[in-house]
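Fold and contact review
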Amino acid sequence: MEASYAQKSTSKEIRDRFDKDVARFSNLDTGQQSTIDAVLSLELITEAAKAVNPNATALLDIGCGAGNYSLKMLSKVPGLHCTLLDLSGPMLERAGERVGKETVGRVEVVRKDVREAELIEGGYDIILAGAVLHHLREEEDWEFVFRKIYNCLAPGGSFWISDLVVQDSAPVNAFIWEQYGRYLEGLGGAEYRQHVFDYIEKEDSPRSVNFQLDLMKKVGFKNVEVLHKNLCFAAFGGIKKAG
Ligand SMILES: C[S@@+](CC[C@H](N)C(=O)[O-])C[C@H]1O[C@@H](n2cnc3c(N)ncnc32)[C@H](O)[C@@H]1O
């Protein structure tokens with residue numbers, strides 16, 4: 001049975017929070033202290049995208065925040081046309097400025113929920129989703145978004161996720177999150193741990209790596225790849241069959 005999401009933040013609450021958090025997401029190296037291996041995961045998914053699509057011309061960055069993922073991607077595949085999609089206007093403003101300086105390609109900003117955005121079918125060689133999909137709630141939403149992403153990829157294109165995840169079995173999940181709690185305490189003490197756990201409880205509804213890889217296969221991805229996992233953070237993706 002699916003969990004109830006009635007107590008979780010609405011899209012508007014999520015947008016309002018991120019509207020005020022632009023500075024924290026504007027640094028490639030220090031942006032997300034509470035995310036284990038954030039820098040490594042970003043490196044791995046952009047390197048994997050480059051390996052699969054070295055001649056890419058169009059990138060879609062879902063939940064782009066202040067643009068860190070697009071900037072890292074551009075450092076590996078220069079000149080990309082970049083579509084930056086986010087709920088938050090202030091995030092998009094910063095992302096547009098930063099990304100515009102780093103590419104000769106077109107930069108388009110889309111201020112929409114990923115579920116509602118009108119995106120070009122087959123229009124993107126690389127799609128990145130960094131720390132955003134855990135805001136999806138019901139299974140049908142996840143399937144809708146994964147199908148949409150698959151349809152938006154050009155043949156041979158690739159989709160890469162770096163995100164908070166859970167485990168499928170309750171006892172394993174419990175000990176993994178206990179370990180994550182210790183990691184947070186090491187960073188900022190018991191109060192910081194509680195602060196992070198409280199906002200995850202309120203705002204996030206992560207799914208397991210297995211769930212997401214199975215869903216990728218269900219919507220059509222031929223190859224799925226796990227690049228990295230450390231406790232409740234993982235980097236993984238899927239590749240669409242070439243035409
Ligand atoms: C944790 S931030 C990550 C930003 C960026 N990817 C990074 O890692 O630096 C998540 C971003 O996703 C956006 N977001 C959350 N839910 C979204 C949705 N349903 N559609 C589009 N953007 C969303 C938020 O506004 C926020 O800017």
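Look up a bit, the structure's there.
Residues numbered from 1 in each chain as written. Predicted model: local features only at pLDDT ≥ 70, side-chain atom pairs only at ≥ 80, totals over all residues. Heavy atoms only, no water.

1. Quick notes on the overall build of the chain
Broken down by element type, the chain carries seven helices and seven strands. For the chain, the N- to C-terminal ordering of α and β elements is α-α-β-α-β-α-β-β-α-β-α-α-β-β. Here the C-alpha radius of gyration of the chain, 17 Å, is about what a compact globule of 243 residues would show, namely 18 Å. C-alpha atoms of the chain, sized along the principal axes, occupy 45 × 35 × 30 Å. Counting over 243 residues, the chain shows a buried share of 53%. Of the contacts made within the chain by residues no fewer than 6 positions apart, 76% connect residues no fewer than 24 positions apart. (Helix = DSSP H or I, 4+ residues; strand = E, 2+ residues; numbered from the N terminus. Rg over C-alpha atoms; globule rule 2.2 N^0.38 Å. Buried < 20%, exposed > 50% of the residue type's maximum accessible area, 1.4 Å probe, protein only. Contact = heavy atoms within 4.5 Å.)

2. Details of the pairing of strand S4 (residues 124-130)
With respect to burial, S4 is a largely interior element, seven of its seven residues being buried. Sheet topology note: the strand S1 (residues 58-62)/S4 ladder contains four bridges and is parallel. Within the sheet, the bridge partner assigned to leucine 59 lies in S4 and is isoleucine 126. In the sheet, S4 pairs with strand S5 (residues 153-164) via six bridges, with the strands oriented parallel. Along S5, the bridge assignment pairs alanine 129 with isoleucine 161. (Pairing = 2+ DSSP bridges.)

3. Quick word on the side chain of threonine 46
Here threonine 46 lies in helix H2 (residues 38-52). Only 2.7 Å separates the side chain of threonine 46 from the backbone oxygen of leucine 42, close enough to count as a polar contact. Those residues in contact with threonine 46 that sit more than four places away from it in its chain are Tyr69, Lys72, Met73, Lys76 and Leu128. (Polar contact = N/O pair within 3.5 Å; in protein donor to acceptor, adjacent residues only side chain to side chain.)

Honestly, it's all geometry; don't read function into it.
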